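# Structural features, examined
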Amino acid sequence: MDINSFFKSVIDSDTAPVVICDLEHTVVYINPASISRYRTDITGKSIKSCHNAESGAKIDRVVAWFKESKDNNVVYTSRNDEENKDIYMVALRDGTGTLIGYYEKHEYRNRETAKLYDI
């Protein structure tokens, strides 16, 4: 099995939405949790088509900041109190540190209620 299959499996098994974009803002991959949440597969479309002009400008500003330095990699973008989660934009870089895209990361803040190792 190739390494890409492993990475795809990680993204697909995540219960949080993951939307991966290239530098032209084209959605190159959307995981099943995103499709379920947003009720559509926007692969191949511009992420900006799902946002208003103000949000599109913020996306551009963050990507420009990512490009400024290899150390600029994560930006806190919003809070959703109803779902108790924070949302971030995260830079994607190749092996040389060159920016190749970005993704949206959701972090839920609810305390886990399952028992440890309850299999």
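Everything here concerns the structure above.
In this report, the structure presented in the accompanying data block is examined.

Scoring rules and cut-offs
Residues numbered from 1 in each chain as written. Predicted model: local features only at pLDDT ≥ 70, side-chain atom pairs only at ≥ 80, totals over all residues. Heavy atoms only, no water. Pairing = 2+ DSSP bridges. Helix = DSSP H or I, 4+ residues; strand = E, 2+ residues; numbered from the N terminus. Contact = heavy atoms within 4.5 Å. Patch = residues over 30% accessible without salt bridge, like charges linked within 9 Å, V, L, I, M, F, W, Y side chains within 5 Å. Areas by Shrake-Rupley, 256 points an atom, 1.4 Å probe, with all protein chains shown as cover. Salt bridge = Lys/Arg side-chain N within 4 Å of Asp/Glu carboxyl O. Buried < 20%, exposed > 50% of the residue type's maximum accessible area, 1.4 Å probe, protein only.

## Remarks on the pairing of strand E5 (residues 99-108)
- Both strand E1 (residues 19-22) and E5 contribute to a ladder of four bridges, which runs antiparallel. Considered in E5, the bridge of Cys-21 is made with Tyr-102.
- Sheet analysis places strand E4 (residues 85-93) next to E5, joined by nine bridges and oriented antiparallel. Among the inter-strand pairings, Val-90 is bridged to a residue of E5, identified as Tyr-103.

## Remarks on the side chain of Ser-34
- Of note, Ser-34 is situated in helix H2 (residues 32-38).
- The residues contacting Ser-34, other than those within four sequence positions of it, are Pro-17, Val-18, Val-19 and Arg-39.

## Side note on a nonpolar patch on the surface
- Among the surface-exposed residues, Met-1, Ile-3, Phe-6 and Phe-7 lie close enough to one another that they form a single nonpolar patch of about 530 Å² accessible area.
- Within the secondary structure, Phe-6 sits in helix H1 (residues 3-13).
- Note on Phe-6: relative accessible area 48%, which makes it partly exposed.

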